[in-house]
Amino acid sequence: MMQPADMQSLPEELVEMIAHRLSVRDLTRCCTVSRSWREIFGQDRLWQPHCEVDLADYLAGCKSRVKPRFVSPETNESTLSEIGTWRLCYMRQTHLRNNWNKGNYQECRGFYNDSDLDYVFKRIFYKKNYILEFKEEKIVVWDVRRIPVVYGDIPYQLSANPEIGVFEVIGSNKIVVLQDTLVVVYSLNLKRKSLRVVHMFLFQTSEKLAGTDEELYDLIVEERKYVRVECTVVRNILVGIVKEEKPLRVHIWNVETGEKLKEQSFPCSDSLTISSFSQNNKTLNILFDLGEEIDEQTIVHHYVYNLTMLAFYPFHIKHQIRNVYRTYLSQEFYSILCDKFVAIWVNNTLYVYNLLSELIYTHDYPCEASLYRSLWCSQDNIIVKMDSVISVVNPHSKSVEAQFCLRKYNQPLTNVINGRAIAVYKINKTKVYIGLEQEGGDKDKGCVSIPLYYFTTAILLLVNNYGTKVMLKEDKNMVVVNFW
């Protein structure tokens, strides 16, 4: 009689296929079965898909200060094999999410002088411990490692009435400043408190400008025409569209080298206009929503672009919005990327597709009009908010994992910061349901939350890309809330 094969005798490819079908909870349980299973199911390649790479790097290099602090479960006395790097990364990320969910945070307050209260055009978190405030003639740098203090000023001249976008290039000392279609890539030296122009180009052209001096910059700013650009920076890639361009094209630049990687038209009609787009930093996918008007009806087309392949996926879904005249009351559709899935809420129905355009899940919601609905992604789950009900949909299992009912007076408190929706959903006196989301690109495509009382005592201004710090302004105080 043949003896059953034990797990160690299975080929690695088969183990990986098994693990791919397991949830994180299942993987964790497998690691506790025996020493051999711990080694098999604790391998890095099985845990890495469950981690966000940029967040993993950030948390690994940033000391946990919020109590209870993160402590590695490994000890010198342990006789077990070492915990894999990526499993440890997942533990850190879980600890961060638990800090949000349980309201564990550390609050630090700094003071604004009267000279610091000038109008700020843009704020961004920079590196792990700094905030940059862009003003008309300077950039004010705040050090927020502990108590927020002004680190210094950097001379900087903005053009009149600027419409600016500012992006940090993760893992670099560069920042990207967008004014209309003019893109300037700067190298920022905090020690010397100086900026140096590295690259300069017009977003819709094919090559960067030969010079980077101030005269060239002033000439371009003076002669430019206002053209709206929708874009974002994913790692070192600047990607976006020019809204008035016909036909619509995706423009992709490498901001480290100043090289235009690609310019590609959408595989659709020239009459389409951009409605919104969102990104997924984990998969390096961009979801574009394009609309067209046909006989007083709105048709929305959805396309997914991958920044690794520099090509569109064979994904094309379109939906007709039933009533275009109610859009002033509430948005008629929402769409998000969630891992390798696309979720679309339209006409009171949730549709979930894989990247082959195959419908894998659908659910109809009540038809009553609602101003309190939203859709976002959290931990590879799709979160649907409809009136007083929050549903957690797992696209892998194609099922509703959990559902929460909110009381009428617990409608979400929201604000839109840097293209992200900030919300708190209070379940009861002791529990707050929180979606912690690192994606974004449109105001309804991401959600992070902070303790409820902050919304009544301060103005929420900024959340960093990792969900570890929140900046608020309270009278003349800068308040930085740390969750790590």
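Everything here concerns the structure above.
Predicted, not measured: the structure shown is a model, and the values here were computed from it. (Residues numbered from 1 in each chain as written. Predicted model: local features only at pLDDT ≥ 70, side-chain atom pairs only at ≥ 80, totals over all residues. Heavy atoms only, no water.)

(A) Expanded view of the overall build of the chain. A tally of helices and strands in the chain yields eight helices and 32 strands. Taking all 484 residues of the chain together, 52% fall into the buried category. Contacts in the chain between residues at least 24 apart in sequence constitute 49% of all its contacts with a sequence separation of at least 6. Accessible area of the chain: about 23,700 Å², with a carbon and sulfur share of 50%. (Helix = DSSP H or I, 4+ residues; strand = E, 2+ residues; numbered from the N terminus. Buried < 20%, exposed > 50% of the residue type's maximum accessible area, 1.4 Å probe, protein only. Contact = heavy atoms within 4.5 Å. Areas by Shrake-Rupley, 256 points an atom, 1.4 Å probe, with all protein chains shown as cover.)

(B) Expanded view of the packing of aromatic side chains. Under the counting rule described, the total for this entry stands at 19 aromatic pairs. Centroid distance Phe266 to Phe312: 5.3 Å. Interplanar angle 50°. Geometry classified as tilted. Residue Phe266 is located in the loop between β13 (259-265) and β14 (273-280), and its partner Phe312 is located in strand β17 (residues 311-321); the two are separated by 46 residues in the primary sequence. With respect to burial, Phe266 and Phe312 carry one shared label: buried. Between Tyr351 and Tyr353, the ring centres sit 6.4 Å apart and the planes meet at 20°, which makes this aromatic pair stacked. Geometry around Tyr58 places Lys128 over its ring, the cationic atom sitting 5.8 Å from the centre. Sitting over the face of the ring of Tyr151, Lys193 holds its NZ or CZ atom 4.7 Å from the ring centroid. (Phe/Tyr/Trp six-rings, centres within 6.5 Å; stacked < 30°, edge-to-face > 60°. Lys NZ or Arg CZ within 6 Å of the ring centre and 35° of its normal.)

(C) Expanded view of the side chain of Glu168. Of note, Glu168 is situated in strand β6 (residues 164-168). One buried charge, Glu168, has no salt-bridge partner; the nearest side chain with opposite charge is Lys127, at 5.3 Å. Only 2.9 Å separates the side chain of Glu168 from the backbone nitrogen of Lys127, close enough to count as a polar contact. Setting aside chain neighbours within four positions, we find Glu168 in contact with Ile124, Phe125, Tyr126, Lys127, Lys174, Ile175 and Val233. (Lys, Arg positive; Asp, Glu negative; His and termini not counted. Salt bridge = Lys/Arg side-chain N within 4 Å of Asp/Glu carboxyl O. Polar contact = N/O pair within 3.5 Å; in protein donor to acceptor, adjacent residues only side chain to side chain.)

(D) Representation of the pattern of salt bridges within the structure. Within this structure, the stated rule accounts for ten salt bridges. For Glu263, the salt bridge is made with Arg249, and the minimal N-O distance between the two is 3.5 Å. A residue pair is termed long-range when its members are at least 10 positions apart, and Glu263 in strand β13 and Arg249 in strand β12 (residues 249-254) qualify at 14 residues. Overall, Arg249 belongs to the partly exposed group, its relative accessible area being 23%. Two residues, Glu263 and Lys260, come together in a salt bridge whose shortest N-O distance is 3.0 Å. Each of the salt bridges in this network shares a partner with another, and the network as a whole consists of Glu245, Arg249, Lys260 and Glu263.

(E) Here's a closer look at the nonpolar core. Counting 20 residues, the largest nonpolar core has Phe266, Ile286, Phe288, Tyr305 and Leu307 as its most contacted members. Those residues in contact with Ile286, other than ones at most four positions away along the chain, are Val234, Val239, Phe277, Ser278, Gln279, Tyr303, Val304, Tyr305, Leu307 and Leu337. If you look at the next biggest cluster of nonpolar residues, it comprises 19 residues, including Tyr130, Ile139, Ile164 and Leu190. (Core = buried A, V, L, I, M, F, W, Y, C linked by side-chain atoms within 4.5 Å.)

(F) The arrangement of the sheet that holds strand β16 (residues 297-306) in detail. Here four strands make up an open sheet; going across it, the order is β14-β15-β16-β17 and the pairing antiparallel. A single partner strand is all that each edge strand has here, and the edge strands are β14 and β17. The average angle at which neighbouring strand axes cross in this sheet is 20°, direction not considered. Sheet analysis places strand β15 (residues 285-294) next to β16, joined by ten bridges and oriented antiparallel. Bridging across to β16, Ile286 finds its partner in Tyr305. (Pairing = 2+ DSSP bridges. Axes fitted to C-alpha atoms, helices over the stretch in contact; angles between N-to-C directions.)

(G) A positive patch on the surface, seen in detail. On the surface, a cluster of positive charge is contributed by Lys63, Arg65, Lys67, Arg69 and Arg146. Locating Arg65 in the fold gives a position in the loop between α5 (53-60) and α6 (85-102). For Arg65, a relative accessible area of 32% translates into the label partly exposed. (Patch = residues over 30% accessible without salt bridge, like charges linked within 9 Å, V, L, I, M, F, W, Y side chains within 5 Å. Charge placed at Lys NZ, Arg CZ, Asp CG, Glu CD.)

By themselves, these observations are geometric and do not establish any function.
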